[in-house]
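Here is how the chains run, residue by residue.
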Amino acid sequence: MTPARLDELLGRPPIPRGTWAREAVYLCPPAAGPVAGSIVGPGGDPEATAGRLRALDGVSDVRVRPGGFLEIVVAVPGELVTGIGPAGAPAVTGASPWEDLPRTWANPGFAVRYAHVRAVAVQRWAAELGVGGPFVPELLDGRLDRAVLRVLAEAHGRRASRDPGWAAYALRLALAYHDAFEGAGVLPVGDEEPSPLHAARVRLARAVRDVLAEALAAVGEAAPGRM
């Protein structure tokens, strides 16, 4: 179950909540009225909508909160990367909020650009090391993987927002990805054989690459492939 699919079902973008360390939760505001093409029925009854959601594959629980808000727990948070791909050729507009120098962690622009470079490099190195096979989203269940997924889950809603805040968002995604890159064994090391977990983390890196490229274009920068 992906944010885009929940948007289709409910007629409005879901909002990821919490850290996702234990469960992947989206909050959905109450419907103002019937939404064409959605599972929200006449009157927008939250209990009825929750019941319909619970019957769907990919939803493990739905909790109705005061005010008609729904907390939707998805069974496999890693599935969201299947809904992320390249944004075509993003138009670079405006002036970047970041300087090129210094190229240190104190410069948010460096942290974001370097995260994109790392995510690009993972695709290249994975091909050289023979990492491949089917994507198994259930494997993206480690603490660092889930932290990256939690930030990625915001991308869909931000695209629909009047004030998406791409610069701050890109930095949060970059920092989460740096932690995962350094601590979550993205690629095989030494004599280690490529595994389905490596393949899943390479697919996660590709999603990070695509979202960071989109965010960088939105703040006035072309995403770098190397540094």
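Residues numbered from 1 in each chain as written. Predicted model: local features only at pLDDT ≥ 70, side-chain atom pairs only at ≥ 80, totals over all residues. Heavy atoms only, no water.

Chemist: For this particular structure, what's the right way to read the pairing of strand β4 (residues 70-74)?
Modeler: Remember that side chains alternate between the two faces of the sheet whenever the strand is regular. By the criterion of burial, β4 is predominantly enclosed, with five of the five residues buried. Here β4 shows a buried face lined by Leu70, Ile72 and Val74 and a second buried face lined by Glu71 and Val73. Of the strand pairs in this sheet, strand β2 (residues 24-28) and β4 are connected by five bridges, and their pairing is antiparallel. Bridge pairing in β4 links valine 25 to valine 73. (Buried < 20%, exposed > 50% of the residue type's maximum accessible area, 1.4 Å probe, protein only. Helix = DSSP H or I, 4+ residues; strand = E, 2+ residues; numbered from the N terminus. Pairing = 2+ DSSP bridges.)

Chemist: Help me understand helix α3 (residues 108-129) in this model?
Modeler: An α-helical turn contains 3.6 residues, so any two residues separated by three or four positions project in the same direction. The terminal C-alpha atoms of α3 lie 31 Å apart, and with 22 residues this matches the ideal 32 Å at 1.5 Å per residue to within 8%. The opening residue of α3 is asparagine 107, an N-cap whose side-chain oxygen sits 3.0 Å from the backbone nitrogen of glycine 109. Phi turns positive, to about 75°, at glycine 130, one or two residues after α3. (Expected span 1.5 Å × (residues − 1). Polar contact = N/O pair within 3.5 Å; in protein donor to acceptor, adjacent residues only side chain to side chain.)

Chemist: Help me understand the packing of aromatic side chains in this model?
Modeler: The geometry of an aromatic ring pair is captured by the separation of the ring centres together with the interplanar angle, meaning the angle of the planes. Summed over the entire model, instances satisfying the criterion amount to six aromatic pairs. Judged by centre distance (5.9 Å) and plane angle (50°), the ring pair of tryptophan 105 and tyrosine 114 falls under tilted. On the basis of relative accessibility, which here comes to 48%, the residue tryptophan 105 falls in the partly exposed class. With a relative accessible area of 26%, tyrosine 114 lands in the partly exposed category. Look at phenylalanine 110 and tyrosine 114: their rings are 5.4 Å apart centre to centre, the planes differ by 20°, and that puts the pair in the stacked class. (Phe/Tyr/Trp six-rings, centres within 6.5 Å; stacked < 30°, edge-to-face > 60°.)

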